[in-house]
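The chain contents come next:
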Amino acid sequence: MCGLCLPQCPTYLLDAQEAESPRGRIAMAAAVAKDTVTATPALRLHLDHCLGCMSCEKVCPAKVRFGELLVETRALLGPSPARARVLSDVVRRPSIYRWIRAAARPAPIRRLMARVARQLPRSSAWRAAATILLGRFTKNGALPAPLPPQGASMGPSQDRVALFPGCVASVEDAAAQRAAATLLRAAGYEVTVLPAFCCGAMDAHAGAAASAQASAEAVREAFAGSGASQLVTATPGCLSTLRHALPERSADDVITLLAARADRLAFRALHERVALHIPCTQTNVARSDTALRTLLSRIPGLDAASLPAQPTCCGAAGTHMLDFPERAQTLRDMTLRQVTALAPSRLLSSNVGCRMHLAAGMTPETAVPDLHPLTLLADQLESP
Ligand code: SF4
Ligand code: SF4
């Protein structure tokens, strides 16, 4: 009840209402659990507006486990009516997503999509999805093949890691997956790629508990068959659900592992100023933001300038950018003003969803290329 979490909450910042704050959501969750309130559409909307950024959890002196409370409350209420269900189902299936992406690539199709999107209301998930997708038609390449450690025979079993590629990240950020494998290998790890793409986060956050559990089971099975002792991901947004899927085993951010062996990695100089966006889940869940800054500081000449008002959610927040595009765009505009003020040549962020959302809000005057920090680190890695 102390209220220390309120100033940290992006939705409280937007609405200045108790019902849009962590403390208000906890009161609503408690009332739902005790069955003392009717779960009206308005109550559900306040819970659905939560970005799951976990900024509240990080500052809470009473160690309230807000993330678990939110997921359990949404599961109690069932699948969210606000969810862009068809779109969620597409993006978490890489084979379908890749096919749609390829089909939308020709210029006439893109022009048609842009024209149709402009006719839709600004609150439309389809308009948001088309705008985000239209901005990204770079060639992404394939996921990495299983790799032994570099310049060494197979190491002890604790050095075998399974890389979780993610759903959208495996398509839109395949370069980051390859970079993660290259860097891990250079740090002495044997790397295999997990044949499971969905961690279940989208379902868990939308109240679809059964689908989330099915995804967790698929991750457990794939990990058991991988022969690895540790699960790693380059997408910190997946980490919370991966840790729930494997409570007995270790799941961590690639960046944390690399920083622990930073002395094994040498980088070529790069005289460039980049803007460093730290996704909420990197700082509040993976807690690898310091590790990332340590790694980037090892590139001689690199000026990695953090956004001044972090941590504040950019609004992407999983499917929030599709479910509530107008709210997401307000938060995005605040973040983009900070990026522009830094006058960077490129934008770094570990979350491809954040990067896609931010890129879709850039104008031709303010646009800068974006990439995963691991991609930059792998590009600058000295040859062994
Ligand atoms: S998770 Fe983020 S958006 Fe949700 S209540 Fe906590 S601080 Fe606010
Ligand atoms: S969730 Fe934690 S920080 Fe927020 S009001 Fe409750 S005790 Fe305070």
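Residues numbered from 1 in each chain as written. Chains lettered and ligands numbered in written order. Predicted model: local features only at pLDDT ≥ 70, side-chain atom pairs only at ≥ 80, totals over all residues. Heavy atoms only, no water.

Participant: It is not clear to me how the overall build of the chain should be interpreted in this structure. Could you clarify?
Facilitator: Looking only at helices and strands, the chain features 21 helices and 8 strands. In terms of overall dimensions, the chain is globule-like: its C-alpha atoms have a radius of gyration of 20 Å, near the 21 Å expected for 384 residues. Taking the principal axes of the C-alpha coordinates as reference, the chain spans close to 60 × 50 × 40 Å. Relative to all contacts within the chain whose residues are 6 or more apart in sequence, the contacts with residues 24 or more apart total 75%. By element, 57% of the accessible surface of the chain is carried by carbon and sulfur atoms, the whole surface being about 16900 Å². The averaged location of the 30 negative side-chain charges in the chain is 5 Å from the averaged location of its 41 positive side-chain charges. (Helix = DSSP H or I, 4+ residues; strand = E, 2+ residues; numbered from the N terminus. Rg over C-alpha atoms; globule rule 2.2 N^0.38 Å. Contact = heavy atoms within 4.5 Å. Areas by Shrake-Rupley, 256 points an atom, 1.4 Å probe, with all protein chains shown as cover. Lys, Arg positive; Asp, Glu negative; His and termini not counted. Charge placed at Lys NZ, Arg CZ, Asp CG, Glu CD.)

Participant: Would you mind showing me how to read the sheet that holds strand E3 (residues 230–233) here?
Facilitator: Taken together, the 4 strands give an open sheet; going across it, the order is E2-E1-E3-E4, and neighbouring strands pair in parallel fashion. Edge positions in the sheet fall to strand E2 (190–193) and strand E4 (250–253), since each of these pairs with one other strand and no more. Pairs of neighbouring strands in the sheet enclose a mean axial angle of 30°, with direction left out of account. As defined by bridge partners, strand E1 (residues 160–164) adjoins E3 across 4 bridges and the pair is classed as parallel. Of the residues in E3, the one forming a bridge with Phe164 is Thr233. Packing of helix H11 (residues 174–186) onto the sheet brings it into contact with E1, E2 and E3, and relative to E1 it is tilted by some 170°. (Pairing = 2+ DSSP bridges. Axes fitted to C-alpha atoms, helices over the stretch in contact; angles between N-to-C directions.)

Participant: Is there a simple way to explain the site of ligand 1 in this structure?
Facilitator: Near ligand 1, the surroundings consist of Cys9, Pro10, Pro22, Arg25, Cys50, Leu51, Gly52, Cys53, Met54, Cys56 and Phe66. Partitioning the shell around ligand 1 into residue classes produces 9 nonpolar, 1 polar and 1 charged. (Near = heavy atom within 4 Å. Nonpolar A, V, L, I, M, F, W, Y, C, P; charged D, E, K, R; others polar.)

Participant: Is there a simple way to explain the sheet that holds strand E7 (residues 346–349) in this structure?
Facilitator: Hydrogen bonds between backbone groups are what pair the strands of a sheet, and the pairing can be parallel or antiparallel. Reading across from one edge, E6-E5-E7-E8 is the order of the 4 strands in this open sheet, with parallel pairing throughout. Every interior strand has two partners, whereas the edge strands, strand E6 (302–306) and strand E8 (370–371), have only one. Strand direction decides the pairing type here: E7 and E8, joined by 2 bridges, are parallel. Following the sheet pairing, Leu347 is matched in E8 by Asp370.

Participant: How do you make sense of the pattern of salt bridges when you look at a structure like this?
Facilitator: Two side chains of opposite charge can pair, provided their charged atoms sit close to one another. Applying the stated criterion across every chain yields a total of 17 salt bridges. We note a salt bridge from Arg220 to Glu217, for which the minimum N-O separation is 3.0 Å. Note that Arg220 and Glu217 are positioned in helix H13 (residues 209–224) at a spacing of 3 residues, about one turn of the helix. The class of Glu217 is partly exposed, set by a relative accessible area of 36%. (Salt bridge = Lys/Arg side-chain N within 4 Å of Asp/Glu carboxyl O. Buried < 20%, exposed > 50% of the residue type's maximum accessible area, 1.4 Å probe, protein only.)

Participant: Sorry, what's going on with helix H20 (residues 352–360) here?
Facilitator: Note on helix geometry: an α-helix contains 3.6 residues per turn, so any two residues three or four positions apart are oriented the same way. Of all the 9 residues making up H20, 7 are buried; the element is thus mostly covered by neighbouring parts of the structure. Of the residues making up H20, those classed as buried are Val352, Gly353, Cys354, Arg355, Met356, His357 and Leu358. Backbone nitrogen of Gly353 and a side-chain oxygen of the N-cap are separated by 2.7 Å at the start of H20; the cap is Asn351. (Polar contact = N/O pair within 3.5 Å; in protein donor to acceptor, adjacent residues only side chain to side chain.)

Participant: Before we go on, may I ask you to explain the domain arrangement of the chain in this structure?
Facilitator: Accessible area lost upon the coming together of the parts serves often as the stated size of an interface. With domains assigned, the chain is organised as domain 1 (6–77), domain 2 (85–135), domain 3 (160–260) and domain 4 (265–379). Just the C-alpha atoms count here: the centres of domain 1 and domain 2 sit 31 Å apart. (Domains from an automatic or database assignment.)

Participant: Sorry if this is basic, but what is going on with the side chain of Asp289 here?
Facilitator: With respect to the helices, strands and loops of the structure, Asp289 is situated in helix H17 (residues 289–296). Engagement of the side chain of Asp289 in a polar contact is seen with the side chain of Thr283, the distance being 3.0 Å.

Participant: I keep staring at the nonpolar core and nothing clicks. Help me out?
Facilitator: Soluble globular proteins tend to bury their nonpolar side chains together. In terms of nonpolar packing, the biggest core is built from 37 residues, with Leu184, Val254, Leu258 and Leu374 touching the most fellow members. Going through the elements one at a time, E1, H11, helix H15 (254–260), strand E5 (272–277), H17 and helix H21 (373–380) are the ones with two or more residues in this core. Here this core gets 6 residues from one element, more than from any other, and that element is H11. Two domains each provide a minimum of three residues to this core, namely domain 3 (160–260) and domain 4 (265–379). In this structure, Leu258 is in contact with Leu183, Leu184, Ala187, Leu265, Leu295 and Leu374, ignoring residues within four places of it in sequence. If you look at the next biggest cluster of nonpolar residues, it comprises 34 residues, including Ala84, Ala316, Leu342 and Cys354. (Core = buried A, V, L, I, M, F, W, Y, C linked by side-chain atoms within 4.5 Å.)

Participant: When you look at the site of ligand 2 in this model, what are you seeing that I'm missing?
Facilitator: Around ligand 2, the neighbouring residues are Met1, Cys2, Gly3, Cys5, Arg23, Ile26, Cys60, Pro61 and Ala62. Within the shell around ligand 2, the residues separate by chemical class into 7 nonpolar, 1 polar and 1 charged.

Participant: Help me understand the packing of aromatic side chains, please; the structure alone is not making it clear to me.
Facilitator: A ring pair, where both rings are aromatic, is described by two values, the distance of the centres and the angle of the planes. One pass over the structure, following the stated rule, counts 0 aromatic pairs. Above the face of the Tyr189 ring, Arg261 is positioned so that its terminal group lies 4.0 Å from the ring centre. (Phe/Tyr/Trp six-rings, centres within 6.5 Å; stacked < 30°, edge-to-face > 60°. Lys NZ or Arg CZ within 6 Å of the ring centre and 35° of its normal.)

Participant: Mind showing me how you'd approach a nonpolar patch on the surface here?
Facilitator: On the surface, a cluster of nonpolar side chains totalling about 310 Å² of accessible area is made up of Ile96, Trp99 and Ile100. Summarising the element assignment, Ile100 is placed in helix H7 (residues 94–103). A relative accessible area of 31% means that Ile100 is categorised as partly exposed. (Patch = residues over 30% accessible without salt bridge, like charges linked within 9 Å, V, L, I, M, F, W, Y side chains within 5 Å.)

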